[in-house]
Amino acid sequence: MLNNLKMLLDKNYTPVKKATYYQLLDILFNMIIYTILFLTIYSLIEKSFTMNKIYWYSGLLLIALIFKSHFGGWAMVKMQKTGSTASKDLRIAMGDHVKKLNLGYFNSHNLGYLINILTMDITDFEQAITHNIPDLLKVLVLSIYLLLITFFINFKLAIIQIIVVLLTIPILKVGGEKLEKIGVEKKTVSAKLISTIIEYISGIEVFKSFGVIGDKFERLEKGFRDLKKYSIKLELTAVPYVLLFQIIIDLLFPILLLLAVRFFMNGELEAKMLVGFIVLSLTLTNVIRNFSASYSVTRYLFLSVAKISDTLNYPIISYKDEDFNFSSYDISFEDVDFSYTEDRKVLKNINFTAKNNEITALVGKSGSGKSTVMSLIARFWDTTKGSIKIGGKDIKEVNPDSLLKNISMVFQDVYLINDTIYENIRIGNLNASKEEIMNAAKIASCHDFISKLPKGYDTYIGEEGSTLSGGEKQRISIARALLKNSPIILLDEPTYALDRDTASDIISGINRIKKEKFILISTHDVDIKQICDKELYIDRICE
């Protein structure tokens, strides 16, 4: 688990290690304070407490407190800053890693799972770094120190104390294992609930129209009930073990006190040592009790560390060439099979070649696999069998990021950000000038409707373009794809949400640029077929 933590910290591991050293110095001066306390009691019992000793002890105590405050404060500040930086870096690393994963990953890991990792789990990771591990370290080192001191007081009492403490460790271990099991279940329920909430909010119009809102949306209601159930179960799971541990530790003190007094009565223990032992034993009891709570919380937080590590260790899409310049943009499918899952075969033995500087139409029934062909070219998925080549180069050998630099796509499901129309189009090319953005908008037949808006291109469109019609969103996505100016353009049903006149304008615009691009269009539109140089019929294979 500590190896996972080190991997996640990455470049922040050294600052955390340095902060830990300062934490140890803080603990060291804590030990000195306890030692001064013991020496003070010793001197009082011996009646050897002089003004000279008062000055010495007070001076040492003041110095210890100053250094303790300095190192403890510095360690806390450094740990907090490093924890925040590590969390930020980890979220960025997660984003970079997830975009390199095959889309098959998202079939087995829902949106709630990923959101949970990027929010709650990384927050847990930060808490483990900044609070729980330092607290656990402090309690552990102080416990060992106080146990060692008891050896100088009385060997027998020290052995008894250590044996009892060691016997209680399995109780915490079993409790921690039970806690982890329920913790995994709770995190699964939490991820599922987040997905359901997103689903509910996204489809609120549909649910309202059918009266399935509030407690009538059973999946959401059940999700909240399950989260409540497992949250309570998680707390109650840890309680018996922590409570039993603390009861045993609490009972340890009166038992040891009884034995210490008996040793004193038998002459085996001096009065000064008896008092010192009582003070140290009482302090140790409180320190070890705190250990049980810190240990349980840390075990739970480390579940998040494991989840984050598993995600970052998930294999990315493989490739050989970091960057590659294609000699041409002819695209060929050679004996391609593809299945989303073992029991869901979509394409079988697909062979075709589509030429550059031409428009190729993919036609076929709904669900035949046209959109899948587009996704395979962009390498969102990898073929089950066979190969896809661009300019004779197998795309499996090319870095997916390098491949996508050559591709512009328009998807059936348009995604727009909660920003202005200008910024939504500019996503296609962040370095584009305003003139280039407007030219792309004109080709996509959206310049006119944008110009009629009160703020024109500076109009905010709401979350996912909620203030625009389906056709308007579609045209903005086409403008965005054209602005990217990639040599390969993949258009998935580009006119499905458009009226006939607007669709005709876009078809004309596409036809004007075909001599400069490779264009592949998935369509049912007869008018688009008329401008295409080649038609490929895709028939879904079901087995």
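Residues numbered from 1 in each chain as written. Predicted model: local features only at pLDDT ≥ 70, side-chain atom pairs only at ≥ 80, totals over all residues. Heavy atoms only, no water.

### A closer look at the overall build of the chain
And then number 1: Secondary structure assignment for the chain yields 17 helices and nine strands.
And then number 2: Here the C-alpha radius of gyration of the chain, 34 Å, is well above what a compact globule of 543 residues would show, namely 24 Å.
And then number 3: For the chain, the spread of C-alpha atoms along the principal axes amounts to about 110 × 50 × 50 Å.
And then number 4: For the chain, buried positions account for 46% of its 543 residues.
And then number 5: Considering only contacts in the chain between residues 6 or more positions apart, those separated by 24 or more positions represent 80%.
And then number 6: When the accessible surface of the chain is totalled, it reaches about 28100 Å², and 59% of it is carbon and sulfur.
And then number 7: Side chains of the chain give 64 positive and 59 negative charges; the mean places of these two sets differ by 6 Å. (Helix = DSSP H or I, 4+ residues; strand = E, 2+ residues; numbered from the N terminus. Rg over C-alpha atoms; globule rule 2.2 N^0.38 Å. Buried < 20%, exposed > 50% of the residue type's maximum accessible area, 1.4 Å probe, protein only. Contact = heavy atoms within 4.5 Å. Areas by Shrake-Rupley, 256 points an atom, 1.4 Å probe, with all protein chains shown as cover. Lys, Arg positive; Asp, Glu negative; His and termini not counted. Charge placed at Lys NZ, Arg CZ, Asp CG, Glu CD.)

### Let's talk about the environment of Glu-185
And then number 1: Among the secondary structure elements, Glu-185 is positioned in helix α6 (residues 155-202).
And then number 2: Sequence separation between Glu-185 and Leu-257 is 72 residues; the distance between their C-alpha atoms is 44 Å.
And then number 3: The contact partners of Glu-185, leaving out residues within four places of it in the chain, are Tyr-230 and Lys-233.

### Points about unusual backbone geometry
And then number 1: Located in the positive-phi region is Arg-379, a residue other than glycine, with phi close to 60°.
And then number 2: Tracing the sequence through the fold places Arg-379 in the loop between α10 (370-377) and β4 (385-390).
And then number 3: Using a relative accessible area of 2% as the deciding quantity, one classes Arg-379 as buried.
And then number 4: Here the phi dihedral of Asn-485 falls at roughly 60°; this positive angle occurs in a residue that is not glycine.
And then number 5: Among the residues examined, Asn-485 registers a relative accessible area of 51% and is labelled exposed.

### A few points about the side chain of Ser-190
And then number 1: Note on placement: Ser-190 falls in helix α6.
And then number 2: Not counting the four nearest positions on each side in its chain, Ser-190 is found in contact with Asn-116 and Leu-227.

### A closer look at the pairing of strand β8 (residues 518-522)
Regular strands have side chains that alternate between both faces of the sheet.
And then number 1: Within β8, five of the five residues are buried, leaving the element largely enclosed by the surrounding structure.
And then number 2: Here β8 shows a buried face lined by Phe-518, Leu-520 and Ser-522 and a second buried face lined by Ile-519 and Ile-521.
And then number 3: Of the pairings in the sheet, the one linking strand β3 (residues 359-363) to β8 comprises four bridges and is parallel in character. Bridge pairing in β8 links Thr-360 to Leu-520.
And then number 4: One ladder, built from five bridges, connects strand β7 (residues 488-492) with β8; its direction is parallel. Bridge assignment links Leu-490 to a residue of β8, and that residue is Leu-520. (Pairing = 2+ DSSP bridges.)

### A few points about the sheet that holds strand β1 (residues 331-341)
And then number 1: Taking strand neighbours across the sheet as the criterion, the four strands line up as β2-β1-β4-β5 in an open arrangement whose pairing is antiparallel. The sheet is open, and its two edges are formed by β2 (344-354) and β5 (393-394), each paired on a single side.
And then number 2: The pairing of β1 with β4 spans five bridges and is classified as antiparallel. Pairing of Ile-331 across the sheet is with Ile-390, part of β4.
And then number 3: Against the sheet, α10 contacts β1, β2 and β4, and its axis sits at roughly 110° relative to β1. (Axes fitted to C-alpha atoms, helices over the stretch in contact; angles between N-to-C directions.)

### Here we look at the packing of helix α2 (residues 13-46) against helix α9 (residues 271-312)
And then number 1: Contact pair α2 / α9: the axes reach a minimum separation of 8 Å and the direction vectors enclose 150°. Overall, the two elements α2 and α9 adopt an arrangement that is roughly antiparallel. For the crossing formed where α2 meets α9, the hand is right-handed. In contact with Tyr-34, Leu-37, Phe-38, Ile-41, Tyr-42, Ile-45 and Glu-46 of α2, α9 contributes Ala-271, Lys-272, Met-273, Val-275, Gly-276, Val-279, Leu-280 and Thr-283. (Parallel < 35°, antiparallel > 145°, perpendicular 65-115°, else oblique. Left-handed = near helix turned anticlockwise from the far one by under 90°.)

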